[in-house]
Each structure stands twice: as structure tokens, then as C-alpha cells.
Amino acid sequence: MKDYKKLVQSVIAGVGGADNINDCIHCATRLRFSLKDESKFDQTALKAVDGVLGTLVSSGYCQVLIGTHVGDVYAKLMNAPEMKAKGLKASDAIDDPATAGDKKTGLLDCFTKMMSDVYAPYIPILATGGIASGVIGLLANMGVVDSASLTYQTFYAIFYALIYFFPILLAFTAGKHFKCNPYVAVTLGAAIMYPGVADLLVTGEKASLVGINFTAYNFSGSFIPILLAVFCMSYFEKWLKKVLPQMTQFILVPFLCLIVFVPLTILVFGPIGGLVANAINAVYGLVGASKILVGIVFGGFFSLVILLGMHWAVTPILLGIMAEQGFEPALAAGGMGNYAALGICLAVAVFAKNAGDKATAGSAAFTNALCGITEPGLYGIILRSKWLLGTMIVSGAAAGLILGIGGVAATNFSFSGLLAFSGWFGCVNFPMYCVGIVAAIALGFILTAVLLKSGKVNEYN
């Protein structure tokens, strides 16, 4: 492992020192800090640090972009003497009110932070499952594997079991986020997904529980009811720990949480989740009535949504719609901006005169092409010029238009890039999806080359 000591010390200083850090986590490319005083987050100094690609304040975090080696940097950071002296650990919670100081976070930031905490751990698994289901789907279409065989069902289940049992998985990370027992939360999720219960819950049909008649809601693939249930249960658990004698809490707290919230989830949170889901689907239906509009909007702007960390508020909704109808066009179009960024970085790597810019662009292009990770290119190259940012939007939107015309839609979740490309084999109109990719890369490359040659992007010449 490379020695990141100097980088780590500069980052700690740039966020206001170890004493200003409540905690830190990381995603695929960024360190995400929860700070006591965000005014001490020195973005100017951090951007000047060798090894830091950019900074951002979003979703309740002060974020430092490192790149694909962020895991190694994070490990070094959490082992720094000042971090250990403060008692900070990689597994610590990030939003404990007791350590949050006087920081006030907006409702939107709170929401996106919650969605990030709850969903982020499953994104790599979703992508992995998407690859497996894409390959097995292709083999089934070619007649190599029988779709009724155990072989097919086994690999198919890697992705779709995750989607189907999402309430159980989300219950665990929601329990950690809301500071209640995550294992009790998982049991709550498992209870509502138990076949003897789930088979009797047919969405929209009348059902009865403990003598109460209600409109049933099936929880498979859903996320709203379990998040509401675990959120409310966290307060109920805290209240129980205040009123019950210490010696009885070991048994009575989980017992009372489950005996109250399993039926409550079925009776109340399920139907509420159904109403919210119907409202979301109605809005989506208005936007999605034009596949061309969906393609243009998501193709052009979804990379910016990811850049701001707002995709955590959007992606779960798209996944829920895909789970319900079996396909979803915005997930396919949303990746076109990534390929447009790849074309831009390739052009800078080829035509820029500055050796440092060429190296940065080449490295970013490689990471993007292989893994579909765009942040190194966005921060290191594209955001340095409004012309290149516009090029990414235009190129992504043009490719999204192609996908919209072709009716392309995702049938499982997968990243862009070579490693996850097989996850798209089973998408609706795969050939047109490939045409969109070529268009995004080619248009991004050509427009960037023209801008470089014309001198519009002077800092790269």
C-alpha cells in the first residue's frame, strides 16, 4: 500500500483538525466527514493538496474527493494517532445527536444523508447481481441455459432476490442509521416478508389482522414502509429503555418492539407506503409518458445529480419502479453522461498540451472506462471549464435522446464501464443502448477536441 501519511495529515488539517471531526465514512471515491463546525472546512486549502481531486458540501457531509484508492486513504486516516486518540473508529455512527454539536442540517440534506446511509452499502451488491443476471439472461436467450433450470434460477436470484427481499436488508442499515437494534429491525423486515404473511398480502385487496380490516400492501421490493417502521420503532425502543428496569430490557425491549411494530407495519406503514408509492408512480407516469424526454433529461443531467450526492433520493425510487414493472428507462439513460465524460477525458488526454492535464485525463478516462466512476474526470477535468461541463450535458442528452427513441430500459441495476457491461445484456433494446454509448463517447470526444483546437478551453492548451 502506498504511504498516504502526508495526504492524510493535510486532509485532517483541512477539515479543521481531529477535534472538529465527529466521524468519517467513505464511498467509492470520497471521504465523507461529519464535522462539528463546518466553517472550518477549508475547501481552498484542500483543493491545493496533492492527491485531493476536489471538495463538496452536500447531503449533510463535508466531502473530500480522493479517487478509487479512497479505501486505502481512509484506512490510513482512521489509523492516524490523532484520530485514535479521539477514539474515532471506522464503524462509529455518523449522526449521533450527542456529538453533532450545534450544527443544523436542512431537511433535504437530512433526507439524502439518510438515503445514502441506508442504501450505499447495497450498491456494489446490486451492480454485482446485475452482472450475474445479465450474463445468465444472455445465455438463456442463446439457448445455452434452460430458463426453468436450477442453474438459471440460481444466478437470476443473485440480483432479484436482493430486490425482492430489500425490506429485510434495508431494515438492517436503517436500524444502524436510526440508532436502534439493527437485528430487531431485520427481524421486523423478515416477519413481513415471511411467505405465510407475504402470500396473504395482495396489494389493493382487503385483509384482516387482529380483527382490524384494512387494504393490504405487499412489501416485496418496497422501501418506504420499512424505513417508516424502523424510524418510529427507534423512538419506541429508546422510550422502553427509559421506563423498563435495566434487568428486564434484554428480553422485553426486543419482544415489545416486535410485538407492536410487526402488526403496525402491516396495518399502518404498509398502506401509507402504498399511498406514497402510488403518488410517486403517478408523478413518474407524467414524466415517463415521453421516453424521449426521460432520455434527454437523465442523459444530460443525471451525472450532475450524482456529483451533488442527490442520486440517493432518486435511485431507490427508480429501483422500486423497476421492481414493480420489470423495466425502467431512466436508469439506462442516466449512464450516458458517464460515457460523455469518458469521451471528454479521452480528448483532453490526446489533445491537451500540458503533460499534467494529459496524465490526469488519461487516468480518469481509464477509471471511467473500466469501473464507470466519473468523479476523477468530473473534478479533475470537466468542472474546470464551463465549456466542458456543457459538452458533457449536451453529449449525454443526445445519447439519451437515442435511447429514448429506441425505447431502451434497464431490467436490472448495473454501472457503466467494462466491468459491469454484461449487466446490460438483458436490457430492453440492447443494440440501441450500444449505439447510445458510442454516440455519447464520440460526441464528447469530438466537441472537446474542437474546443481545445479553438482555444475555448485555454487551460488545457
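Residues numbered from 1 in each chain as written. Predicted model: local features only at pLDDT ≥ 70, side-chain atom pairs only at ≥ 80, totals over all residues. Heavy atoms only, no water.

As recorded in UniProt, the sites labelled "active site" (unreviewed entry) are Cys-27. Here Cys-27 lies in the loop between strand 1 (21-26) and strand 2 (30-35). The exposure class of Cys-27 is partly exposed, given its relative accessible area of 22%. Filtering out sequence-adjacent residues up to four positions away, Cys-27 remains in contact with Arg-32 and Val-70. (UniProt positions renumbered as here; feature names shortened; annotations may be inferred. Helix = DSSP H or I, 4+ residues; strand = E, 2+ residues; numbered from the N terminus. Buried < 20%, exposed > 50% of the residue type's maximum accessible area, 1.4 Å probe, protein only. Contact = heavy atoms within 4.5 Å.)

For the pair helix 8 (residues 166-177) and helix 11 (residues 224-243), the least separation of the axes is 9 Å and the interaxial angle reads 35°. The handedness of the crossing between helix 8 and helix 11 comes out as right-handed. Only Ile-226, Leu-227 and Val-230 of helix 11 make contact with helix 8, whose side of the interface consists of Pro-167, Leu-170, Ala-171, Ala-174 and Gly-175. Residues that form the contact of helix 8 with helix 11 fall into these classes: seven nonpolar, one polar and no charged. (Axes fitted to C-alpha atoms, helices over the stretch in contact; angles between N-to-C directions. Left-handed = near helix turned anticlockwise from the far one by under 90°. Nonpolar A, V, L, I, M, F, W, Y, C, P; charged D, E, K, R; others polar.)

Time to look at the confidence of the model for the protein chain. Looking at the protein chain as a whole, its pLDDT mean stands at 85, while 91% of the residues score no less than 70. The lowest-confidence element of the protein chain is helix 5 (residues 107-119), averaging 72 in pLDDT; the highest-confidence one is helix 9 (residues 182-193), averaging 96. This stretch, residues 91-103, has a pLDDT under 50; its non-local contacts, to residues over four places away or in other chains, come to 22 contacts. (pLDDT = per-residue confidence, 0-100.)

So, about the packing of aromatic side chains. According to the stated counting rule, one finds 18 aromatic pairs in the structure shown. Measuring from ring centre to ring centre gives 6.1 Å for Tyr-122 and Phe-166, while their planes differ by 75°; the resulting arrangement is edge-to-face. With a gap of 44 residues between them, Tyr-122 in the loop between helix 5 and helix 6 (123-141) and Phe-166 in helix 8 connect regions that are remote in the sequence. Ring centres of Phe-421 and Phe-425 lie 6.0 Å apart, and the angle between their planes is 90°; on these two criteria the pair is classed as edge-to-face. Look at Phe-421 and you get partly exposed, because its relative accessible area is 21%. By the ring-pair criterion, three or more aromatic residues cluster together here, those being Phe-236, Trp-239, Phe-261 and Phe-269. One Lys or Arg, Lys-238, reaches over the ring of Tyr-235 and ends 5.7 Å from the middle of that ring. (Phe/Tyr/Trp six-rings, centres within 6.5 Å; stacked < 30°, edge-to-face > 60°. Lys NZ or Arg CZ within 6 Å of the ring centre and 35° of its normal.)

What follows covers the sheet that holds strand 4 (residues 61-65). Taken in spatial order, the four strands line up as 1-2-4-3 in an open sheet, and their pairing is antiparallel. Either end of the sheet is taken by a strand with one partner, and the two such strands are strand 1 and strand 3 (54-58). Within this sheet the neighbouring strands show an average axis-to-axis angle of 25°, counted without direction. For strand 1 and strand 2, the ladder comprises five bridges, and the chain directions are antiparallel. In the strand pairing of strand 2, Asp-23 is matched with Ser-34. Where helix 3 (residues 70-78) meets the sheet, its contacts fall on strand 1 and strand 2, and the angle it forms with strand 1 comes to roughly 155°. (Pairing = 2+ DSSP bridges.)

Okay, the state of the cysteines next. In the structure shown here, the tally under the stated rule is zero disulfides. Cys-62 takes part in no disulfide bond, and the closest cysteine sulfur to it belongs to Cys-24, at a distance of 11 Å. Cysteine Cys-434 is unpaired, with the sulfur of Cys-427 as its nearest cysteine sulfur at 7.4 Å. For Cys-434, a relative accessible area of 26% translates into the label partly exposed. (Disulfide = S-S within 2.5 Å.)

Next up on the list: the nonpolar core. Leu-126, Phe-166, Val-230 and Tyr-433 are the most contacted members of the largest nonpolar core, which has 89 residues in total. Other than its neighbours up to four places away in sequence, Leu-126 contacts Phe-159, Leu-162, Ile-163, Phe-166, Leu-319 and Phe-413. Ranked by size, the runner-up nonpolar core spans 26 residues in total, among them Ile-21, Leu-35, Cys-62 and Met-78. (Core = buried A, V, L, I, M, F, W, Y, C linked by side-chain atoms within 4.5 Å.)

Attention now moves to the pairing of strand 3. Taking burial as the measure, the five residues of strand 3 include four buried ones, the bulk of the element. The pairing of strand 3 with strand 4 spans five bridges and is classified as antiparallel. Residue pairing in the sheet places Ser-58 in a bridge with Tyr-61 of strand 4.

Put simply, helix 19 (residues 386-406) and helix 20 (residues 430-454) touch, their axes get as near as 8 Å, and they point 155° apart. Taken together, the axes of helix 19 and helix 20 lie roughly antiparallel to each other. Considering the relative orientation of helix 19 and helix 20, their crossing is right-handed. Contacts from Trp-387, Leu-388, Thr-391, Val-394, Ser-395, Ala-398, Ala-399, Ile-402, Leu-403 and Gly-406 of helix 19 reach helix 20 at Met-432, Tyr-433, Val-435, Gly-436, Ala-439, Ala-440, Leu-443, Gly-444, Leu-447, Thr-448 and Leu-451. Considering only residue class, the contact of helix 19 with helix 20 consists of 15 nonpolar, six polar and no charged. (Parallel < 35°, antiparallel > 145°, perpendicular 65-115°, else oblique.)

This part covers the pattern of salt bridges. One pass over the structure, following the stated rule, counts one salt bridge. Between Glu-237 and Lys-241 there is a salt bridge whose closest N-O contact spans 3.6 Å. One end of the pair is Glu-237 and the other is Lys-241, both in helix 11 and four residues apart, which spans about a single turn. Among the residues examined, Glu-237 registers a relative accessible area of 4% and is labelled buried. (Salt bridge = Lys/Arg side-chain N within 4 Å of Asp/Glu carboxyl O.)

Examined against the element boundaries, Val-394 turns out to sit in helix 19. For Val-394, a relative accessible area of 48% puts it in the partly exposed group. Expressed as a C-alpha distance, the spacing of Val-394 and Gly-14, which sit 380 residues apart in the sequence, is 35 Å. Leaving out residues up to four positions away in the same chain, Val-394 has contacts with Leu-443 and Leu-447.

Counted at 1.5 Å a residue, the expected span for helix 16 (residues 336-351) with its 16 residues is 22 Å, and the 23 Å between its end C-alpha atoms agrees. The element helix 16 is extensively covered by neighbouring structure, given that 13 of its 16 residues are classed as buried. (Expected span 1.5 Å × (residues − 1).)

As a further point, take a nonpolar patch on the surface. On the surface, Ile-292, Leu-293, Ile-296, Val-297, Phe-301, Leu-401 and Ile-405 cluster together into a nonpolar patch covering about 560 Å² of accessible area. Elements supplying a minimum of two residues to the nonpolar patch: helix 13 (291-307) and helix 19. Broken down by element, the nonpolar patch gets its largest block of residues, five residues, from helix 13. Position of Ile-296 among the secondary structure elements: in helix 13. Taking relative accessible area as the criterion, Ile-296 reaches 31% and is therefore assigned partly exposed. (Patch = residues over 30% accessible without salt bridge, like charges linked within 9 Å, V, L, I, M, F, W, Y side chains within 5 Å. Areas by Shrake-Rupley, 256 points an atom, 1.4 Å probe, with all protein chains shown as cover.)

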